[in-house]
Amino acid sequence: MTTPVKTVSDKASILIIYTGGTIGMVEDPKTGSLEPFNFEHLVDHVPELKDVEHLYSSIQFDPPLDSSQVGPDSWTKMAKAVADNYDKYDGFVILHGTDTMAYTASALSFMLENLSKPVVITGSQLPIGRFRTDGKENLITAIEIAAAKENNIAVVPEVCICFQEYLLRGNRCKKANADYFEAFQTFNYPPLAHIGVEIEINEDAVYKPETIKPLIPHLNMDPNVLVLKLLPGITPNILKSILATPGLKGVVMETFGVGNAPSFDWFIDILKEATSKGIVIVNVTQCMIGSVAMDIYDTGDAMLDAGIISGYDITTESAATKMMYLFGEGFAPEKVKEYMKCSLIGEMTIHNTVEN
Ligand code: ASP
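A brief look at the structure comes next. As the structure is a computational prediction, the values presented were derived from the model and not from experiment.

### Focus on the overall build of the chain
- Looking only at helices and strands, the chain has 10 helices and 21 strands in total.
- The C-alpha atoms of the chain give 21 Å as radius of gyration, which agrees with the globular expectation for 356 residues (21 Å, within 12%).
- Its C-alpha atoms give the chain principal-axis dimensions of roughly 65 × 55 × 35 Å.
- The buried share among the 356 residues of the chain stands at 54%.
- A separation threshold of at least 6 residues defines the contact pool for the chain, and within that pool the share at least 24 residues apart is 72%.
- Taken as a whole, the chain presents about 16,100 Å² of accessible surface, with 52% of it coming from carbon and sulfur.
- Charge separation in the chain, taken as the distance between the mean sites of 27 positive and 46 negative side-chain charges, equals 3 Å.

And the structure:
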């Protein structure tokens with residue numbers, strides 16, 4: 001079922017959190033390279049914002065960051081900004097670089113427990129000062145979605161990415177296109193809304209909290225997690241040295257197809273040695289679409305024996321930030337494994353539950 005969003009209500013109040021990214025960048029006249037600029041510059045280029053000036057306030061990162069510099073500390077700043085202002089606003093718009101936007105969206109979905117207001121993340125492929133910018137449209141639509149309410153309840157009460165034609169669940173997103181305006185996709189989940197002449201909300205896809213509970217921000221993210229993309233020909237030395245990284249707690253292992261990896265004894269033995277030391281290894285697929293199914297081939301059985309767990313259809317971005325969140329909460333490896341097998345906030349199409 002789809003429902004159109006009405007135009008921005010005159011009573012809404014939105015907090016815009018400007019973190020940086022191409023949307024606010026300007027060209028250095030000497031070198032021609034793009035550099036982050038402040039929020040006032042951005043507003044100057046969107047005269048439409050003047051009409052809704054009374055509806056929003058803004059805060060900004062100082063200095064604004066290219067999103068390749070964004071990580072756990074910045075996520076904590078963003079989550080804290082939402083939590084500190086949660087009761088004052090109906091919705092939040094985060095302006096962010098596109099490069100790591102999918103990681104930020106995933107991280108915030110875990111860090112903001114009991115979220116019942118929209119946190120809409122957007123940015124652009126072209127700076128807002130450019131004639132053909134995609135930033136203006138993205139920003140204005142993000143504000144409309146963050147402000148949208150039906151019977152006084154937020155229409156999209158989740159962390160999402162608003163980009164061009166689609167509103168997408170944040171923890172399902174991948175940056176899929178470096179060149180074209182339609183930069184994001186959720187390969188294993190339908191869009192939350194289709195943005196055209198109307199903003200058509202896909203009611204069946206949007207997360208609806210059963211009851212409105214107080215927001216619980218989780219501000220500790222443990223960065224001792226890495227992504228290991230398997231390459232045909234990977235050697236024992238390389239695998240061993242990666243898994244011997246001091247302090248390592250979690251590994252998102254990107255495997256082939258439905259979760260396959262070499263079944264050589266040395267490969268399984270090295271993985272087993274790591275899991276026996278308490279390192280959590282989650283198996284995700286290198287494919288864009290589909291899910292890990294470790295019970296189809298022998299290699300899956302061997303990995304299950306070695307203590308590797310399935311990440312089903314979770315994205316790498318979501319698996320990595322979910323582990324950072326779980327280790328940041330101080331959970332022991334066995335508990336982290338249990339939670340990794342369950343969907344906490346719609347990041348996987350699986351309905352396992354954790355026993356407390
Ligand atoms: N490098 C930029 C960033 O991610 C790219 C962008 O915003 O599109 O901050």
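That shown, we press on.
### Quick look at the side chain of Ser318
- Among the secondary structure elements, Ser318 is positioned in helix H9 (residues 316-328).
- Residue classification places Ser318 among the buried positions, given a relative accessible area of 0%.
- Side-chain polar atoms of Ser318 contact the backbone oxygen of Asn171, separated by 3.1 Å.

### Examining the sheet that holds strand E18 (residues 225-229)
- Strand order in the open sheet formed by four strands is E18-E19-E20-E21, with parallel pairing between adjacent strands. Pairing within the sheet leaves two strands with one partner each, and these edge strands are E18 and strand E21 (309-310).
- With six bridges connecting them, strand E19 (residues 250-255) and strand E20 (residues 280-285) associate as parallel partners. Within the sheet, the bridge partner assigned to Glu254 lies in E20 and is Val284.

### Remarks on the site of the ligand
- In the region of the ligand, the neighbouring residues are Gly21, Thr22, Asp66, Ser67, Gly97, Thr98, Asp99, Ser124 and Gln125.
- For the ligand, a nitrogen atom lies 2.9 Å from a polar atom in the side chain of Asp99.
- Measuring from an oxygen atom of the ligand, one finds a backbone N or O atom of Ser124 at 3.2 Å.
- The fraction of the free accessible surface of the ligand (270 Å²) that becomes covered by protein chains is 90%.
- The class makeup of the residues in the shell around the ligand is no nonpolar, seven polar and two charged.

### Brief notes about a negative patch on the surface
- Taken together, the side chains of Asp295, Asp298, Asp301 and Asp305 present a region of like negative charge at the surface.
- Assignment of secondary structure puts Asp295 in the loop between E20 and helix H8 (298-305).
- Owing to a relative accessible area of 64%, Asp295 belongs among the exposed residues under this scheme.

### A closer look at the environment of Leu271
- Mapping Leu271 onto the fold places it in helix H7 (residues 265-276).
- On the basis of relative accessible area, Leu271 is assigned to the buried category, the value being 0%.
- Taking the C-alpha atoms as reference points, Leu271 and Gly20, separated by 251 residues in sequence, lie 39 Å from one another.
- Once you skip the residues sitting within four places of it in the chain, Leu271 turns out to touch Leu239, Leu243, Met253, Ile281, Met303, Ala306 and Ile308.

Reading the values: the criteria
Residues numbered from 1 in each chain as written. Predicted model: local features only at pLDDT ≥ 70, side-chain atom pairs only at ≥ 80, totals over all residues. Heavy atoms only, no water. Helix = DSSP H or I, 4+ residues; strand = E, 2+ residues; numbered from the N terminus. Rg over C-alpha atoms; globule rule 2.2 N^0.38 Å. Buried < 20%, exposed > 50% of the residue type's maximum accessible area, 1.4 Å probe, protein only. Contact = heavy atoms within 4.5 Å. Areas by Shrake-Rupley, 256 points an atom, 1.4 Å probe, with all protein chains shown as cover. Lys, Arg positive; Asp, Glu negative; His and termini not counted. Charge placed at Lys NZ, Arg CZ, Asp CG, Glu CD. Polar contact = N/O pair within 3.5 Å; in protein donor to acceptor, adjacent residues only side chain to side chain. Pairing = 2+ DSSP bridges. Near = heavy atom within 4 Å. Nonpolar A, V, L, I, M, F, W, Y, C, P; charged D, E, K, R; others polar. Patch = residues over 30% accessible without salt bridge, like charges linked within 9 Å, V, L, I, M, F, W, Y side chains within 5 Å. Salt bridge = Lys/Arg side-chain N within 4 Å of Asp/Glu carboxyl O.

Everything listed here is a matter of geometry and, on its own, says nothing about what the molecule does.
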